[in-house]
Amino acid sequence: MSKIPPSIPRHQQGVVLLLCLIILVVLLAGGVAVMRSMNASLFSAGNLAFKRDLVNRGELAAADVMTLFKTGALSGASADIANVKAENYSAIQLATNARGIPTALLTNTAYDAIADKKIENTADRITVRYLIDRMCNAAGTPSSLGPKGCVYAPLTTQVTGGSSQRAKEDLPPPSTLIYRLTVRVDGPRDTQVFLQASFTKPDL
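Residues numbered from 1 in each chain as written. Predicted model: local features only at pLDDT ≥ 70, side-chain atom pairs only at ≥ 80, totals over all residues. Heavy atoms only, no water.

**Quick look at the overall build of the chain**
Part 1 of the reasoning: Looking only at helices and strands, the chain has four helices and seven strands in total.
Part 2 of the reasoning: Tracing the chain from N to C terminus, the helices and strands come up as α-β-α-β-β-α-β-α-β-β-β.
Part 3 of the reasoning: Accessible surface computed for the chain: about 13900 Å², of which carbon and sulfur atoms make up 60%. (Helix = DSSP H or I, 4+ residues; strand = E, 2+ residues; numbered from the N terminus. Areas by Shrake-Rupley, 256 points an atom, 1.4 Å probe, with all protein chains shown as cover.)

Here is the structure:
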């Protein structure tokens, strides 16, 4: 009988090892992408938290302005005829950009040229800058400028009814002058928030 020659073992080609290395590379790249995505999400969430805090800090300016118009330098008629740099006030409407933000509030140099006050918190690295401008095209009292010189808001009046109310229906509603408050809050990580509101004198 003839003997069957023993089978010669084949040399391994390393295909399985090569495939495993490719899969590991793909998994590693996927892990890096997931980590970067998580870091970006955490960074965005942190910036949103900063912005929310800056909005709350911006309300400090609104509180100061309301007090200023009630009992401060702008509570009288002087606010109608002159700018008050010490109080960040302009009796004439300020020039704005396309988004309605006064251009003087966009840079620190332009801001310092017309305003002196700002609210700073060095511990939190937060600075609040704000400007108040009267919605008029020139300085002067509202009566001298007339209805075309300023922007007015109608005063709400309670309707009591009766013949006396009917007699007044043809009269124009009373109005009051509008002021604009624009706030810029600078915070950590170069975070910046702009706030804007219009208001009338609190004593009216």
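**Quick word on the state of the cysteines**
Part 1 of the reasoning: Summed over the entire model, instances satisfying the criterion amount to one disulfide.
Part 2 of the reasoning: Covalently, Cys136 is tied to Cys150 through a disulfide, its sulfur atoms 2.0 Å apart. Measuring the twist about the S-S bond at about 110°, one finds the Cys136-Cys150 disulfide to be right-handed. In this pair, Cys136 is assigned in the loop between strand 3 (126-134) and helix 3 (142-145) and Cys150 in the loop between helix 3 and strand 4 (152-154), connecting sequence segments 14 residues apart. For the pair shown, Cys136 and Cys150 are each scored as buried. (Disulfide = S-S within 2.5 Å. Buried < 20%, exposed > 50% of the residue type's maximum accessible area, 1.4 Å probe, protein only.)

**Comments concerning the nonpolar core**
Part 1 of the reasoning: Of all hydrophobic cores here, the largest spans 22 residues; its most connected members are Phe69, Tyr89 and Ile132.
Part 2 of the reasoning: Elements represented by at least two residues in this core include exactly helix 1 (15-71), strand 3, strand 6 (179-186) and strand 7 (192-199).
Part 3 of the reasoning: By residue number, the principal contributor to this core is helix 1, which donates five residues.
Part 4 of the reasoning: Membership of the second largest hydrophobic core comes to six residues, among which are Ala104, Leu105, Tyr111 and Leu131. (Core = buried A, V, L, I, M, F, W, Y, C linked by side-chain atoms within 4.5 Å.)

**Brief notes about the confidence of the model for the chain**
The predicted coordinates should not be examined in detail at positions where pLDDT is low.
Part 1 of the reasoning: Of all residues in the chain, 72% attain a pLDDT of 70 or more, and the chain-wide mean is 78.
Part 2 of the reasoning: At the level of individual helices and strands, the chain shows its lowest average pLDDT in helix 4 (residues 163-167), which scores 51, and its highest in helix 2 (residues 108-114), which scores 94. (pLDDT = per-residue confidence, 0-100.)

**Some thoughts on the side chain of Asn88**
Part 1 of the reasoning: Checked against the element boundaries, Asn88 lands in the loop between helix 1 and strand 1 (89-90).
Part 2 of the reasoning: Discounting residues that sit within four places of it in the chain, Asn88 has contacts with Tyr111, Ala115, Asp116, Lys117, Tyr130, Leu131 and Ile132. (Contact = heavy atoms within 4.5 Å.)

**Some details on the packing of aromatic side chains**
Part 1 of the reasoning: Applying the stated rule across the entire model yields five aromatic pairs.
Part 2 of the reasoning: Aromatic side chains Phe69 and Tyr179 sit 5.0 Å apart centroid to centroid with 65° between the ring planes, which places their arrangement in the edge-to-face category. Placement of the pair is Phe69 in helix 1 and Tyr179 in strand 6, with a sequence separation of 110 residues. Assigned by exposure class, Phe69 and Tyr179 land together as buried.
Part 3 of the reasoning: Ring-pair connections join several aromatic residues into one group, and the members of that group are Phe69, Tyr89, Tyr179 and Phe199. (Phe/Tyr/Trp six-rings, centres within 6.5 Å; stacked < 30°, edge-to-face > 60°.)

**So, unusual backbone geometry**
Residues apart from glycine generally show negative phi values, whereas peptide bonds are mostly found in trans.
Part 1 of the reasoning: In this model, Asn88 sits at a positive phi of 60°, which is unusual for a non-glycine residue.
Part 2 of the reasoning: The residue Arg125 is not glycine, and still its phi comes out positive at about 55°.

**Brief notes about the pattern of salt bridges**
Note on pairing: side chains with opposite charge can pair once their charged atoms come close.
Part 1 of the reasoning: A full pass over the atoms with the stated rule returns six salt bridges.
Part 2 of the reasoning: For Asp186, the salt bridge identified is with Arg129, shortest N-O distance 3.0 Å. With a gap of 57 residues between them, Asp186 in strand 6 and Arg129 in strand 3 connect regions that are remote in the sequence. Just as Asp186 is buried, Arg129 falls in that class too.
Part 3 of the reasoning: Across the pair Arg184 and Asp186 runs a salt bridge whose closest N-O atoms are separated by 2.7 Å. (Salt bridge = Lys/Arg side-chain N within 4 Å of Asp/Glu carboxyl O.)

**Describing the environment of Phe199**
Part 1 of the reasoning: Following the sequence through the fold, Phe199 ends up in strand 7.
Part 2 of the reasoning: Along the backbone, Phe199 and Leu177 are 22 residues apart, and their C-alpha atoms lie at a distance of 8.5 Å.
Part 3 of the reasoning: Excluding its chain neighbours within four sequence positions, the residues that come into contact with Phe199 are Val65, Met66, Phe69, Ile132, Leu177, Ile178, Tyr179, Arg180 and Leu181.

**What to know about the pairing of strand 6**
Part 1 of the reasoning: Counted residue by residue, strand 6 has eight buried out of eight residues, so it is predominantly covered.
Part 2 of the reasoning: The alternating pattern of strand 6 places Tyr179, Leu181, Val183 and Val185 on one face and Arg180, Thr182, Arg184 and Asp186 on the opposite face, and all of these are buried.
Part 3 of the reasoning: Note: strand 6 against strand 7, eight bridges, orientation antiparallel. The residue of strand 7 that forms the bridge with Val183 is Leu195. (Pairing = 2+ DSSP bridges.)

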